[in-house]
Amino acid sequence: MVGGMVRDIIMGRGTVDVDVVVNGDGPSFAASLAALTGGSIVLHDRFGTSVLILPDKRRVDVATARTETYNAAAALPDVSFTVIDYDLKRRDFSINAVAVALGSAEFGEVLDPFNGQADIAAGVIRVLHEGSFVDDPTRIFRAARFEQRFQFHLDEETERLLRAAVRAGLLNHVSGARVRNEVMAIFEEREPATTVKRLQDFGVWNALVPGLDANVTAATIVAAITMAGKELSPSLKPDWRTFNAYLMGLATDASEAAARDLTERLGLSHHSRRAVTRAVAGRSLVLSELANEPQPSVLRQTLAGYSDAALVFFYAAGDAAVRASIERFLAGRRIKPLITGRDLTRQGYLPSAVFSDVLESVMAAQLDGIVKTVAEANELARQLLDAANQIAVSGDK
Ligand code: CTP
């Protein structure tokens, strides 16, 4: 057993995922474990890694210890130890490079070649060798994330190597998908804002996207987004994108171009790119309009076209008046329109492109309390359709 779970057990923290490294055939070990536990294998990749999901939904990652050095190590007395030792050496930080043997003969034996236990006790994040960030620049994000999660601090040399890696532009070599995973992992932390701030201090955001500075405002908004999401979520569409809201927060003070570049760098879908860029570009205007307690119809118009993630972002970025406006908007969204397109066709109007404008105007009037009954709504629709020269061909007009 290796990695995060060992670290968490040593720290006395709860842990969910299990990482197992097998000296030998990982996939067939995983298959036996699946058969024994009633779990199922959901992935088996070309690196010999299997992911097993237990019946209680916990996840067990089963990797095969890398054996490139197996032959070189064969001269040593304990080959199996050397293989796992090599595996540990490829890992990110000493705190994640402690292993515990699970085999019956040596069950419970701790392998700690990099003094991970001492670093856990001292609260230090330390790379295992000076090429660590070059081998895998995503460790730049991980270092800040673990440091902030556990309230640890980076070892001095590790911080120097990290800053040098950022300056050398190593992040430019990381794919969009991998950077996205790292940024997502930050936003899954309990308090993502501190990691955002720390990465700003390292110059990571600017290195990732020129012009992206996650300054104090951004960090504050990121912190507020967690709360805003919780408060608003009962009124939001179930599939609203938390991640997009956080990205808006991250880019809150960036230019529209930098916000767009961020979404492109992370390889977001076309839809998410637009949603994030629009919200960042529209923020100042929306916040100033929402602060003036607009009429419901104006509110609806102002917020039309913004995603639910943007509503969370505006809510997090705004003052009490803005928050009240967003709450009113969401309450208004639950109100059913008094009439629909079917009511218009029933009156003999032929469906046309004008319908949606007319229905929108009727809805606006309904929200503002100008029309209160179905009859009044129909009457207003009739007037608007007549004004638009739509002629009823039959029906009860
Ligand atoms: N690892 C690594 N370098 C990376 C990613 C992972 O060396 N870039 C190693 C670490 O030993 C880590 C293990 O793979 O402990 C499992 O990775 P992951 O599940 O991402 O890390 P956890 O430490 O379990 O993190 P978390 O607590 O956030 O789940």
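Refer to the preceding data block for the structure.
So, a few notes on the structure that sits alongside this text. (Residues numbered from 1 in each chain as written. Predicted model: local features only at pLDDT ≥ 70, side-chain atom pairs only at ≥ 80, totals over all residues. Heavy atoms only, no water.)

This part takes up the overall build of the protein chain. Each helix and strand in the protein chain was counted, giving 21 helices and eight strands. Computed over its C-alpha atoms, the radius of gyration of the protein chain comes to 28 Å, more than 25% above the 21 Å expected for a compact globule of 397 residues. Expressed along its principal axes, the backbone C-alpha trace of the protein chain runs to roughly 95 × 45 × 35 Å. Within the span of the protein chain, comprising 397 residues, buried residues form 47% of the whole. The contacts in the protein chain between residues at least 6 apart in sequence include a share of 66% that link residues at least 24 apart. When the accessible surface of the protein chain is split by element, carbon and sulfur atoms take 53% of a total near 19700 Å². (Helix = DSSP H or I, 4+ residues; strand = E, 2+ residues; numbered from the N terminus. Rg over C-alpha atoms; globule rule 2.2 N^0.38 Å. Buried < 20%, exposed > 50% of the residue type's maximum accessible area, 1.4 Å probe, protein only. Contact = heavy atoms within 4.5 Å. Areas by Shrake-Rupley, 256 points an atom, 1.4 Å probe, with all protein chains shown as cover.)

Applying the stated criterion across every chain yields a total of 25 salt bridges. For Asp 136, the salt bridge is made with Arg 139, and the minimal N-O distance between the two is 3.8 Å. Grouping residues by exposure puts Asp 136 and Arg 139 together as buried. (Salt bridge = Lys/Arg side-chain N within 4 Å of Asp/Glu carboxyl O.)

Relative to the assigned elements, Gln 366 resides in helix α20 (residues 354–367). A relative accessible area of 14% means that Gln 366 is categorised as buried.

It is worth spelling out the site of the ligand at this point. In the vicinity of the ligand, 14 residues are found, and the nearest of them are Arg 7, Asp 92, Asp 136, Arg 142 and Arg 149. At 3.1 Å from an oxygen atom of the ligand is found a main-chain nitrogen or oxygen belonging to Asn 96. Between a nitrogen atom of the ligand and a side-chain N or O atom of Asp 136, the distance comes to 2.6 Å. Notes on the ligand: free accessible area 570 Å², of which the protein chains cover 71%. Counting residues per element, the shell around the ligand draws most heavily on helix α7 (residues 139–150), which supplies five residues. Tallied by class, residues from the shell around the ligand come to one nonpolar, four polar and nine charged. (Near = heavy atom within 4 Å. Polar contact = N/O pair within 3.5 Å; in protein donor to acceptor, adjacent residues only side chain to side chain. Nonpolar A, V, L, I, M, F, W, Y, C, P; charged D, E, K, R; others polar.)

Attention now goes to the packing of helix α12 (residues 216–232) against helix α17 (residues 308–317). At a minimum axis distance of 8 Å, the contact between α12 and α17 shows a crossing angle of 120°. Put simply, α12 runs oblique to α17. Crossing handedness for the pair α12 and α17: right-handed. Between α12, through Ile 221, Ala 224, Ile 225, Ala 228, Gly 229, Glu 231 and Leu 232, and α17, the contact on the second element is made entirely by Leu 311, Val 312, Phe 313, Tyr 315, Ala 316 and Ala 317. Residue composition of the contact of α12 with α17, by class: 11 nonpolar, one polar and one charged. (Axes fitted to C-alpha atoms, helices over the stretch in contact; angles between N-to-C directions. Parallel < 35°, antiparallel > 145°, perpendicular 65-115°, else oblique. Left-handed = near helix turned anticlockwise from the far one by under 90°.)

The next thing to look at is the pairing of strand β4 (residues 59–64). Note that strand β1 (residues 18–22) and β4 share five bridges and pair parallel. For Asp 19, the partnering residue across the bridge sits in β4 and is Asp 61. Summarising the sheet, strand β3 (residues 50–53) and β4 pair through four bridges and their orientation is antiparallel. Note that in β4 the partner of Ile 53 across the bridge is Arg 59. Two successive antiparallel strands, β3 and β4, enclose a turn made up of five residues, where Lys 57 displays a positive phi of approximately 80°. (Pairing = 2+ DSSP bridges.)

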